[in-house]
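Each chain, letter by letter, is given below.
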Amino acid sequence: MTYCNSKEGIHQGETNKNCKANAISNEQLADLLYAKGLKGVQFIDIRTPHQYAIGHLPNAINVPMKNFFNPEYFSKINKDDVLILYGEDASSPRLMSLMSGHFKKGKFNVALGGYNYIKSKIMNNYAIYSGLYDDEVPLVDYQQAVNEIKSKYGGGGAAKSAKPKAPGKPIVKRKKKEVSGGCG
């Protein structure tokens, strides 16, 4: 958490309570990205519109840093939601969060690392939204496997003993013949 000094400067060491930049840890960010149908959280991309068009977090809105306090852009932000800023790196969203708190424009949280870090270290590592991984769907349906075993061998205890089979014919392994000839 980072603080900036109060502009009023009543006492040295005091801080303006509106001037805080709350950092969201990578674990918290991954939890938010994994949550499907999450309501009440708004991701705000403060990179340029071109960078936003190339790639952005799911359901993020673009409010470029240079136009952040422009009423036309700022009106896109739903102040009732938990607001999470991210940008090219961690410093620019932190600056915008501090300035917003200082000018009493709202309380913003900051995603650490920037978009490229989030994409490579969180989204790509865990295949979020790729369809390749779903932690809620088991790879094996254990209940179905148990039911199949019960139907095949009966319920409860050990498997039914079957009649012993007569031993089959022994398998004879033969050596391959060596081939000679050719050039030489």
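The sections below set out a description of the structure shown in this document.

The rules behind each value
Residues numbered from 1 in each chain as written. Predicted model: local features only at pLDDT ≥ 70, side-chain atom pairs only at ≥ 80, totals over all residues. Heavy atoms only, no water. Helix = DSSP H or I, 4+ residues; strand = E, 2+ residues; numbered from the N terminus. Buried < 20%, exposed > 50% of the residue type's maximum accessible area, 1.4 Å probe, protein only. Contact = heavy atoms within 4.5 Å. Pairing = 2+ DSSP bridges. Phe/Tyr/Trp six-rings, centres within 6.5 Å; stacked < 30°, edge-to-face > 60°. Polar contact = N/O pair within 3.5 Å; in protein donor to acceptor, adjacent residues only side chain to side chain. Right-handed = clockwise from strand over helix to strand, strands pointing away.

Let's shift gears to the overall build of the chain. Of the regular secondary structure elements, the chain holds six helices and six strands. Across the 184 residues of the chain, 28% fall into the buried class. In the chain, of all internal contacts separated by at least 6 residues, the share reaching a separation of at least 24 is 60%.

So, on to the pairing of strand β3 (residues 41–45). Summarising burial for β3: four of the five residues are buried, a large majority. The pairing of β3 with strand β5 (residues 82–86) spans five bridges and is classified as parallel. Bridge pairing in β5 places Gln42 opposite Leu83.

Attention shifts here to the packing of aromatic side chains. Here the structure, examined in full by the defined rule, presents seven aromatic pairs. Seen in terms of ring centroids, Phe68 and Phe69 are 5.2 Å apart; in terms of plane orientation they differ by 90°. Their pairing is edge-to-face. Residue class for Phe68 comes out buried when judged on its relative accessible area of 0%. We classify Phe69 as partly exposed; its relative accessible area is 27%. Chaining the aromatic ring pairs together yields one cluster made of Phe68, Phe69, Phe74, Phe103 and Phe108.

Here the focus is the side chain of Asp45. One can find Asp45 in strand β3. With relative accessibility at 0%, the residue Asp45 sits in the buried group. Among the polar contacts made by the side chain of Asp45, one reaches the side chain of Arg47 at a distance of 2.7 Å. Once residues lying within four places of it in the same chain are set aside, the contact partners of Asp45 are Tyr52, Gly55, His56, Ile61, Asn62, Val63, Pro64 and Tyr86.

On strand β6 (residues 108–111), burial covers both faces: Phe108 and Val110 on one face and Asn109 and Ala111 on the other are all buried. Here β5 runs beside β6; their pairing, made up of three bridges, is parallel. Within the sheet, the bridge partner assigned to Ile84 lies in β6 and is Asn109. As a crossover connection, the stretch from β5 through helix α4 (residues 91–102) into β6 is right-handed.

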